[in-house]
Amino acid sequence: MTKDLSITHSCLIEKNKVILNGRDVFNSQGMDLSAFLLALYKHAGINYPKFYKMDNLSKLGFLAAEMILKNPTLILDFKKEDIAIVLYNRNSSLDTDINYFETVKEMASPALFVYTLPNILIGELCIRHGFKGENIFFLSETFKAEEMMDYVTFLLENNLAKACLCGWVDCFEEDYKACLMWVENSEQGEYFTADTINKIYNQGNG
């Protein structure tokens, strides 16, 4: 860990609520996942028609990123090729894979087939924000803060990136969680440590 690496922005989405930079900013109970994601999209005032074509995993990650990046000044100091994306989850694209398999019984859905890889989420984020830096999607049975910290730190300390959007985005049926963090060299925010990462990841449990 380098003391200059900080988490300057974070977003947690789970249990039908959104925590942005440690503050509850949206809560809509009693909805299923699809309805909740649409409600959040409208609440955030986003105008991006392609959103409606995404699967739930991509919508979830897209919205978490939008909450962090809705202030365009956040990325103005960086070249698009200097912004990395590092994501993790447990279930890959299984939620969409199952839905796609159901369509195969009659007529396969090309619209669903597009989303039968988890890194399509990264592609959606890159298209939306123009990011051209390093990107990778890891599969892990559990969230591993130290592993993520080590990988992101390696990218930033070796000048493979100047900033990184990283975290966990997982979705299977109604079980979902997105926890994204913006990491850069900054005196603002909280030091990029495993303890801080875990605190942000678990803040919805309080």
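Here the structure is a predicted model, which means the values were calculated and not measured.

Enquirer: So what exactly am I meant to see when it comes to the overall build of the protein chain here?
Expert: Counting secondary structure elements, the protein chain contains seven helices and eight strands. Residues counted as buried form 52% of the 206 residues belonging to the protein chain. Long-range pairs, those at least 24 residues apart, make up 67% of the contacts in the protein chain with a sequence separation of at least 6.

Enquirer: Any chance you could explain the pairing of strand β1 (residues 5–14) here in plain terms?
Expert: Residues in a regular strand point their side chains to alternate faces of the sheet. Extensive coverage of β1 is indicated by the burial of nine of its 10 residues. Bridge count between β1 and strand β8 (residues 190–191): two bridges; the pairing is antiparallel. Looking at the pairing, Ile7 lines up with Glu190 of β8. Hairpin geometry of β1 and strand β2 (residues 17–20) is characterised by an intervening segment of two residues between the two adjacent antiparallel strands and by a positive phi of about 50° at Lys15.

Enquirer: Help me understand the pairing of strand β3 (residues 23–27), please; the structure alone is not making it clear to me.
Expert: Relative to β3, β2 is paired through four bridges, and the arrangement is antiparallel. By the bridge assignment for β3, Ile19 is matched with Asp24. Between β2 and the antiparallel strand that follows it, β3, lie two residues; Asn21 among them carries a positive phi value of about 50°.

Enquirer: So what exactly am I meant to see when it comes to the environment of Asn27 here?
Expert: Examined against the element boundaries, Asn27 turns out to sit in strand β3. Residues Asn27 and Lys15, spaced 12 residues apart in sequence, show a C-alpha to C-alpha distance of 8.7 Å. In this structure Asn27 touches Asn16 and Lys17, once residues within four positions along its chain are discounted. Looking at Asn27, its side chain comes within polar contact range of the side chain of Gln29, at 2.6 Å.

Enquirer: Help me understand the environment of Tyr176 in this model?
Expert: Looking at the secondary structure, you find Tyr176 in strand β7 (residues 175–185). Beyond its immediate sequence surroundings of up to four residues, Tyr176 is in contact with Ile13, Glu14, Lys15, Asn16, Leu33, Phe36, Leu60, Asp170 and Cys171. Within polar-contact distance, the side chain of Tyr176 engages the backbone nitrogen of Lys15 at 3.4 Å. Within the local environment of Tyr176, its side chain forms a polar contact with the backbone nitrogen of Asn16, the two atoms lying 2.6 Å apart.

Enquirer: I would appreciate a short explanation of helix α2 (residues 56–69) in the present structure.
Expert: Think of an α-helix as turning once every 3.6 residues; residues three or four places apart then point the same way. The terminal C-alpha atoms of α2 lie 20 Å apart, and with 14 residues this matches the ideal 20 Å at 1.5 Å per residue to within 8%. For α2, the buried fraction is high: 14 of the 14 residues fall into the buried class.

Enquirer: What exactly am I supposed to notice about a negative patch on the surface here?
Expert: Among the surface-exposed residues, Asp32, Glu173, Glu174 and Asp175 lie close enough to one another that they form a single negatively charged patch. Mapped onto the elements, Asp175 comes out in strand β7.

Enquirer: Quick question: what am I supposed to make of the nonpolar core here?
Expert: Generally speaking, soluble globular proteins have nonpolar side chains that are buried together. Counting residues in hydrophobic clusters, the biggest one holds 44 residues, and the most contacted among them are Ile13, Leu63, Ile68 and Trp182. Residue assignment for this core shows that the elements contributing at least two residues are β1, β2, α1 (33–43), α2, β4 (83–89), α5 (120–129), β6 (163–172) and β7. When residues of this core are assigned to their parent elements, the largest contribution, nine residues, is made by α2. If we skip the residues at most four places from it in the chain, Leu63 touches Ile13, Leu37, Leu40, Tyr41, Ile46 and Phe51. Counting residues in hydrophobic clusters, the runner-up holds 26 residues, among them Leu5, Ala145, Ala161 and Ile197.

What counts, and where the lines are drawn
- Residues numbered from 1 in each chain as written.
- Predicted model: local features only at pLDDT ≥ 70, side-chain atom pairs only at ≥ 80, totals over all residues.
- Heavy atoms only, no water.
- Helix = DSSP H or I, 4+ residues; strand = E, 2+ residues; numbered from the N terminus.
- Buried < 20%, exposed > 50% of the residue type's maximum accessible area, 1.4 Å probe, protein only.
- Contact = heavy atoms within 4.5 Å.
- Pairing = 2+ DSSP bridges.
- Polar contact = N/O pair within 3.5 Å; in protein donor to acceptor, adjacent residues only side chain to side chain.
- Expected span 1.5 Å × (residues − 1).
- Patch = residues over 30% accessible without salt bridge, like charges linked within 9 Å, V, L, I, M, F, W, Y side chains within 5 Å.
- Areas by Shrake-Rupley, 256 points an atom, 1.4 Å probe, with all protein chains shown as cover.
- Salt bridge = Lys/Arg side-chain N within 4 Å of Asp/Glu carboxyl O.
- Lys, Arg positive; Asp, Glu negative; His and termini not counted.
- Charge placed at Lys NZ, Arg CZ, Asp CG, Glu CD.
- Core = buried A, V, L, I, M, F, W, Y, C linked by side-chain atoms within 4.5 Å.

In short, the description is geometric, and any link to function would need to be established separately.
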